[in-house]
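Descriptive structure summary
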Amino acid sequence: MKATFSRLPVALRPINYVLKLKPHIKTFQFTGSESIEVEVCKSTTSVVLNSVNLDLKEATIKVEDHDIIKACNIVPSEELETVTIHFPRDIPRGKGYLNIEYIGEIGEQMKGWYRAKYTISEGEERYACSTMFEPSDARRCFPCWDEPAHKATFDITLIVPKDRTAISNMPIASEKNIEGSPELREVVFERTPIMSTYLVAFFVGELDHIRDTTEMGRLIRVFTPKGLQEHGKFALNAAVKSLTFFEKYFDVPYPLPKVDLVPVPDFQSGAMENWGMVTFREDCMLVDPENSSTSRKQWIAIIVAHELAHQWFGNLVTMEWWTHLWLNEGYASFSEYLCVDSVFPEYEIWTQFVTDTTFGAFSLDSMKNSHPIEVPVNSPSEVDEIFDEISYNKGASVIRMLHSYIGDDVSWLNKYWSNLCLYRKPNLKSIIG
Ligand SMILES: [Zn+2]
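On a predicted model such as this, the values are computed, not experimentally measured, just so you know.

Conventions used here
Per chain, residues are indexed from 1 in the order of the written sequence. The predicted nature of this model means local features are confined to residues of pLDDT at least 70 and side-chain atom pairs, given and counted, to a pLDDT of 80 or more, with totals for whole chains, interfaces and linings taken over all residues. Hydrogens are left out, water is left out, and the side-chain values use all remaining heavy atoms of the structure. For the purposes of this description, domain bounds are those given by an automatic or database domain assignment. Buried surface area refers to the total accessible area, computed with a probe of radius 1.4 Å, that the two partners give up upon joining, counted for both partners together. Salt-bridge detection follows one rule: a side-chain nitrogen of Lys or Arg within 4 Å of a carboxyl oxygen of Asp or Glu. Under this definition, polar contacts are N or O atom pairs within 3.5 Å; protein pairs additionally need one hydrogen-donor-capable and one acceptor-capable atom, and for neighbouring residues in sequence, both atoms have to be side-chain atoms. Amino acid classes used here: Ala, Val, Leu, Ile, Met, Phe, Trp, Tyr, Cys and Pro are nonpolar; Asp, Glu, Lys and Arg are charged; the rest, including Gly, are polar. UniProt positions are given in the numbering used here, feature names are shortened, and annotations may be inferred rather than shown by experiment. Strands here are runs of E lasting at least two residues and helices are runs of H or I lasting at least four, both read from the DSSP assignment and numbered beginning at the N terminus. For the exposure calls, accessible area comes from a 1.4 Å probe over protein chains only, and a residue counts as buried if that area is under 20% of its type's maximum, exposed if over 50%, partly exposed in between. Contacts are assigned to residue pairs that have any heavy atoms within 4.5 Å of one another. Expected helix span is given by 1.5 Å per residue-to-residue step, counting one fewer step than there are residues. Distances define the donors: N, O and S atoms within 2.8 Å of the metal qualify, as do those within 3.2 Å of Na, K or Ca. Water is excluded, so some sites may look unfinished. The term nonpolar core refers to a set of buried residues drawn from Ala, Val, Leu, Ile, Met, Phe, Trp, Tyr and Cys, joined through side-chain atoms within 4.5 Å.

A few words on the domain arrangement of the protein. We note that the domain assignment places domain 1 (7–205) and domain 2 (322–431) within the protein. For domain 1 versus domain 2, the distance between C-alpha centres works out to 33 Å. Between domain 1 and domain 2, a total of about 530 Å² is buried, with carbon and sulfur atoms accounting for 60% of that surface. Counting the surface domain 1 buries against domain 2, the share from its top three residues, E134, P135 and P148, is 69%. At the surface where domain 1 touches domain 2, the tally comes to zero salt bridges. Inspection of the domain 1/domain 2 interface yields one residue pair in polar contact (both at pLDDT 80 or more). Of the residues contributing to the side of domain 1 that touches domain 2, the split by class is three nonpolar, one polar and two charged.

Bringing the UniProt feature "binding site: Zn(2+)" (unreviewed entry) in the protein into the picture now. Per the UniProt record, the feature "binding site: Zn(2+)" (unreviewed entry) sits at H306, H310 and E329. These annotated residues cover 24 residues of sequence, but their C-alpha atoms sit close together, with the largest distance between any two at 8.7 Å. Tracing the backbone through its elements, the reader meets H310 in helix α2 (residues 294–310). Residue classification places H310 among the buried positions, given a relative accessible area of 0%. In contact with H310, not counting residues within four places along its chain, are E273, N315, N328, E329 and A332.

Glancing now at α2. For an α-helix, 3.6 residues make a turn, and residues three or four places apart therefore share a direction. Look at α2: 25 Å from first C-alpha to last across 17 residues, which is about the 24 Å you get at 1.5 Å a residue. Q298, I300, A301, I302, I303, V304, A305, H306, E307, L308, A309 and H310 are the residues of α2 that are buried. Considering only its buried residues, α2 is in contact with α1 (233–250), β18 (258–264), β19 (271–272), β20 (277–281), α3 (325–343) and α5 (389–406).

Attention now moves to the coordination of the zinc ion. Only H306 (NE2), H310 (NE2) and E329 (OE) from the protein coordinate the zinc ion, and they sit 2.0 to 2.1 Å from it. A relative accessible area of 1% places E329 in the buried class.

Here we take up the nonpolar core. By size, the foremost hydrophobic cluster in this structure holds 128 residues, and its most contacted members are L98, F142, W145, L158 and L261. The two domains that each donate at least three residues to this core are domain 1 (7–205) and domain 2 (322–431). Aside from chain neighbours lying at most four places away, what touches L98 is E34, S35, I36, V38, V47, L49, T60, I61, F87 and W145.

Given below as structure tokens:
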């Protein structure tokens, strides 16, 4: 019988994940150690988490001053992408720690924590390990409440070869050598702000970087393949200008201490807006100063602006469930034009909006299998289907119409908005993470 999908039970709520991961780049496996600070809201004998292809070795839970309870049975469900951890007695209510030891795979499928092949100048093939968790593949890297509404903070530690660069959402807090393993080092990253699992990211590989700071003092680093720093200069300039634009336009400070732009050799889409560590397909970020065309530079400016808009739309303010994906993608797709028009006025980028964005939406919308901008999503396996021209381009086109009508000055609207909120509170909740 086919199991039916349902959202995760909410007897436990994650507060903070302490994740320690050690990739084995030769065997493409990793060992994971996870300690999740949780609030047990309702006494229960089992905990259901999302998990795919992870081999859980043991799990324990300890709540306040009660005894440690060791799991008596761990049951994965491939179909539901969950693992149910059974305990021999009730977990008492209160705050505690769920500890899990497990082994995972650094896969080839460009999702979860995966390997990306690159060639060094001598022709030798090597692998970087990068993440792609949107929409629902954090569960391939660590057992978690892998739904956008289950926000938590993250303390990430990576144990990596000494000659590799390790990057994550936050800056490095500390590094140390590992006794008995002279080739390895332990890299501890600062705690993230509260965020959704699909935005967690890390990368281990060989990269150079260049850096700059915005007017407001935010650090921006652009990573490049070894020896190609020159190819990162355009993206760095675009990122500095775009982040400055958005901070002023939204009048909400960028909440992290830095943002990194990281090119990944194998990448399934154009880019991914991980908070503080945006990943890109190499040709969507790197500009060869000798050979890249103006249209390539425009395209990269648009992508950089799109991903940096997401640092607010999606990362800071997040949809409660994937049904509202267009609020992420429609707004980012509209804001990329708003930003590029301001920071690269010479491109006259709005002249391309109708042909590049609205016509793209018409094309899919003319088909029988089109769908409303907001479409009910049940299982996360259905989410991939709506990363399409409707959510992005039709969403952006509708928002552009609204923006043309309302304008940038919303002071008159604010007055009415506060009244409107009194009547619409339940709906507003769905977009505020
Ligand atoms: Zn996007």
